[in-house]
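Residue-level structure breakdown
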Amino acid sequence: MGKDGVVLVVLATMVVMSSAGFDFGGSNGGLSMQYYVMNCPLADQIVKGTVNAALQADPTLAASLVRMHFHDCFIQGCDASVLLDSTKDNTAEKDSPGNLSLRGYEVIDDAKDKLEQQCPGVVSCADIVAMAARDAVFFAGGPVYEIPKGRKDGKRSKIEDTINLPSPFLNASELIRTFGQRGFSAQEMVALSGAHTLGVARCSSYPTMMDTNFATSLSKTCAAGDKAEQPFDVTRNTFDNLYYNTLSRKTGLLFSDQTLYSNPKTRNVVNGYAFNQAMFFLDFQQAMVKMGKLDVKDGSQGEVRQNCRKLN
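Residues numbered from 1 in each chain as written. Predicted model: local features only at pLDDT ≥ 70, side-chain atom pairs only at ≥ 80, totals over all residues. Heavy atoms only, no water.

Quick notes on the UniProt feature "binding site: Ca(2+) 2" (unreviewed entry) in the protein
Going by this rule: UniProt positions are given in the numbering used here, feature names are shortened, and annotations may be inferred rather than shown by experiment. Labels follow the DSSP assignment, with helices taken as runs of H or I lasting at least four residues and strands as runs of E lasting at least two, numbered in each case from the N terminus.
Residues given the UniProt feature "binding site: Ca(2+) 2" (unreviewed entry) here are Thr197, Asp233 and Asp240. In this fold, Thr197 is placed in the loop between helix 7 (186-193) and strand 3 (200-202).

Here is the structure:
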């Protein structure tokens, strides 16, 4: 596709996003699309350049950056609490079992360092995590979407809070309830689960209700132990809708994934996304923007960290 074609695709996507209720100029819940336009106008470009360079070197980091954003927002809101290191007096979120496999912290650090050189004390780590996830999705072939900024970095990060992270062993009804408590519909939950089109899962998390032939083939992979990994779908570094096709074939890797197809409340959504990638992309970007607004901190509740790994 030539340059003109790319421009047309981007413009068409923006038209769709605008008609779907995306605000490109105003503010929403204290966040604004134009938040850094005066005090750090190159913020988006700096984060995108950093993320793209990292993903060109290691495409598998795309899944990690998207997952990091989710693990941040679902606990204490989108406030970069997942980035804080543990101290002698406190065990932080990142050292909980559910977060030990997170990767990509150095990408956030690199972006933060560049932003501090360009506009010191302006861009929050929480915004960097949100922007990095957005850019990782697009780099991997997913939808282009914009996010409002203005999140502040939280001052709390405790391992006990991560008990609220959804477990890979939850069934669809439990997932509907868990996401519902954070304001998401069942459809939005299924759309967000589509992030599993990127990345891998470990053998210790595999379900028992998968296709027999697929289970036999996985047993060879898992002979290496519980930490052996298998891609969620055949295009592990490409953002597409193949994840939903795996569920309809009963070849989902996680119990929490495969249960979306076995439950009648979510099966139709899975089938819809498996058939229509454009619909999945639109619903995913809307759900991601909504997730990025969870419990954001303002100036009185948070700060802009100088170092994303520790409080000022």
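Brief notes about the nonpolar core
Spelled out, the test is: What is meant by a nonpolar core is a set of buried Ala, Val, Leu, Ile, Met, Phe, Trp, Tyr and Cys residues, joined one to another through side-chain atoms within 4.5 Å. Only protein chains enter the accessibility calculation, which uses a 1.4 Å probe; a residue is then buried when its area is under 20% of its type maximum, exposed when over 50%, and partly exposed in between. Contact definition: two residues touch when any of their heavy atoms are within 4.5 Å.
With 74 residues, the main nonpolar core has Leu83, Ile108, Val123 and Tyr244 as its most contacted residues. By residue number, the principal contributor to this core is helix 5 (residues 125-139), which donates 10 residues. Non-local contacts of Ile108, meaning those with residues more than four positions away in its chain, are made with Leu65, Met68, Leu83, Ile128, Val129, Ala132 and Cys308.

Observations concerning unusual backbone geometry
Here Gln76, not a glycine, exhibits a phi torsion of approximately 65°, which is positive. Of note, Gln76 is situated in the loop between helix 3 (61-73) and helix 4 (105-118). Judged by its relative accessible area of 30%, Gln76 falls in the partly exposed class. Its identity is not glycine, yet Ala80 carries a phi of approximately 60°, on the positive side. Within the secondary structure, Ala80 sits in the loop between helix 3 and helix 4. By relative accessible area, which is 0% here, Ala80 ends up buried.

Let's talk about the environment of Phe138
You can see Phe138 is positioned in helix 5. Judged by its relative accessible area of 36%, Phe138 falls in the partly exposed class. Sequence separation between Phe138 and Phe239 is 101 residues, and the spatial gap between their C-alpha atoms is 8.0 Å. Sequence-distant contacts of Phe138, that is, excluding residues within four places in its chain, are made with Lys48, Pro143 and Val144.

Regarding the packing of helix 7 against helix 11 (residues 264-275)
Quick reminder of the rule: Structural elements are reduced to axes, namely lines fitted to C-alpha atoms, with helices fitted over the stretch in contact, and the angle between N-to-C directions of any two is expressed from 0 to 180 degrees. The labels follow the angle: roughly parallel below 35 degrees, roughly antiparallel above 145, roughly perpendicular from 65 to 115, and oblique for the rest. Each helix crossing is assigned a hand: it is left-handed if the near helix lies turned anticlockwise from the far helix by less than a right angle, otherwise right-handed if that turn is clockwise.
Across the interface, helix 7 lies against helix 11 with an axial gap of 10 Å and an inter-helix angle of 45°. Our classification of the angle between helix 7 and helix 11 gives oblique. Of the two elements, helix 7 crosses helix 11, and the hand of that crossing is right-handed. Of helix 11, the residues touching helix 7 (which contributes Gln187, Met189, Val190 and Ala191) are Thr266, Val269, Val270 and Tyr273.

Here we look at helix 4
Definition in use: For a helix, the expected span equals 1.5 Å multiplied by the number of residues minus one.
Counted at 1.5 Å a residue, the expected span for helix 4 with its 14 residues is 20 Å, and the 20 Å between its end C-alpha atoms agrees. Looking only at helix 4, the buried set comprises Tyr105, Val107, Ile108, Asp109, Ala111, Lys112, Leu115 and Glu116. Taken together, the buried residues of helix 4 touch helix 2 (43-57), helix 3 and helix 5.

A short note on the pattern of salt bridges
Counted only if it meets this: Definition used for salt bridges: Asp or Glu carboxyl oxygen within 4 Å of a side-chain nitrogen of Lys or Arg.
This model, assessed by the stated rule, comprises 16 salt bridges. Ionic pairing is found between Arg103 and Asp58, a salt bridge with its closest N-O pair at 2.9 Å. Of this pair, Arg103 sits in the loop between helix 3 and helix 4 while Asp58 sits in the loop between helix 2 and helix 3, placing them 45 residues apart in sequence. Residue Arg103 is classed as partly exposed on the basis of its relative accessible area, which comes to 34%. With its nearest N and O atoms 3.7 Å apart, the salt bridge here joins Arg309 to Asp85. Of the two residues, Arg309 is situated in the segment after helix 12 (277-291) and Asp85 in the loop between helix 3 and helix 4; the sequence distance between them amounts to 224 residues. One network of salt bridges, in which partners are shared, links Asp44, Arg134, Asp135, Glu146 and Lys149.

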